[in-house]
Amino acid sequence: MRQRSPKPVFRLAAVLVLAVVTSALWAAWLGWDQHRDVQPDGTTTGPYEAWQVIGLVLTLLAPAYWAVSRYGGAVYALGTTAGLTAAAGYDWSDDSSGLFVVGVGLVMAGSLVATTVVSAVITAMTRGETRPGRTGPGT
């Protein structure tokens, strides 16, 4: 017995929920750290530490599993990419040089590639699982 695919309105709602969750996770992990660290030689680093970005990526895995197993990889990739892009745009928009647009574009491209890879891995790992509402493996 084949399970019907979710209605388009539910897919759109899932994309929006993922975008909001992703933006909230960005704010939780990266939004509070806004200063750059000045090194003794005068160079600057930051504003984010590696552990903050790693924490963001790891916490995005739970919504990834939910979205890919329930709605498919495209919903996850679009929602997460939209959320990260919007959060980066908002967070970096106070840059007076205007170069933040380049950074936001790179976040968008990189997150789209990364979420596509993550969704393919999750799909491959869960291919044989029986999900609620489904009968038999892989149906």
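A. Inspection of a nonpolar patch on the surface at higher detail. A cluster of nonpolar side chains, namely Val113, Val117, Val121 and Met125, defines an oily patch on the protein surface of about 400 Å² accessible area. Looking at where Val113 falls in the secondary structure, it is placed in helix 5 (residues 100–126).

B. Local environment of the packing of helix 1 (residues 8–31) against helix 3 (residues 61–71). Close contact between helix 1 and helix 3 brings their axes to 11 Å; oriented N to C, the two are set at 175°. Considered as vectors, helix 1 and helix 3 are oriented roughly antiparallel to each other. Of helix 3, the residues touching helix 1 (which contributes Phe10, Arg11, Ala14, Leu18 and Val21) are Pro63, Trp66, Ala67 and Tyr71. Of the residues that constitute the contact of helix 1 with helix 3, the class distribution is 8 nonpolar, no polar and 1 charged.

C. Up close: the side chain of Ser119. Mapped onto the secondary structure, Ser119 falls in helix 5. Classification of Ser119 as buried rests on a relative accessible area of 6%. Among the polar contacts made by the side chain of Ser119, one reaches the main-chain carbonyl oxygen of Thr116 at a distance of 2.9 Å. With near-sequence residues (within four places) excluded, Ser119 lies in contact with Val68, Gly73 and Tyr76.

D. Structural detail: the nonpolar core. The biggest cluster of nonpolar side chains holds 11 residues, and these are Leu25, Trp26, Leu30, Tyr48, Leu56, Leu60, Leu84, Ala87, Ala88, Val104 and Val107. Taken together, the elements giving at least two residues each to this core come down to helix 1, helix 4 (73–92) and helix 5. Ignoring any residue separated from it by four or fewer positions in sequence, one finds Leu25 in contact with Leu56, Thr59 and Leu60. Membership of the second largest hydrophobic core comes to 10 residues, among which are Ala14, Val15, Leu18 and Ala67.

E. Inspection of the packing of aromatic side chains at higher detail. Applying the stated criterion to the full structure yields 5 aromatic pairs. Both rings, one in Trp26 and one in Trp92, keep their centres 5.8 Å apart while their planes meet at 65°; by these two values the pair is edge-to-face. Placement of the pair is Trp26 in helix 1 and Trp92 in helix 4, with a sequence separation of 66 residues. On the accessibility criterion, Trp26 (6% relative accessible area) is buried. Taking relative accessible area as the criterion, Trp92 reaches 23% and is therefore assigned partly exposed. Aromatic pair Trp32 and Trp51: ring centres 6.3 Å apart, planes at 40°, arrangement tilted.

What counts as what
- Residues numbered from 1 in each chain as written.
- Predicted model: local features only at pLDDT ≥ 70, side-chain atom pairs only at ≥ 80, totals over all residues.
- Heavy atoms only, no water.
- Patch = residues over 30% accessible without salt bridge, like charges linked within 9 Å, V, L, I, M, F, W, Y side chains within 5 Å.
- Areas by Shrake-Rupley, 256 points an atom, 1.4 Å probe, with all protein chains shown as cover.
- Salt bridge = Lys/Arg side-chain N within 4 Å of Asp/Glu carboxyl O.
- Helix = DSSP H or I, 4+ residues; strand = E, 2+ residues; numbered from the N terminus.
- Axes fitted to C-alpha atoms, helices over the stretch in contact; angles between N-to-C directions.
- Parallel < 35°, antiparallel > 145°, perpendicular 65-115°, else oblique.
- Contact = heavy atoms within 4.5 Å.
- Nonpolar A, V, L, I, M, F, W, Y, C, P; charged D, E, K, R; others polar.
- Buried < 20%, exposed > 50% of the residue type's maximum accessible area, 1.4 Å probe, protein only.
- Polar contact = N/O pair within 3.5 Å; in protein donor to acceptor, adjacent residues only side chain to side chain.
- Core = buried A, V, L, I, M, F, W, Y, C linked by side-chain atoms within 4.5 Å.
- Phe/Tyr/Trp six-rings, centres within 6.5 Å; stacked < 30°, edge-to-face > 60°.

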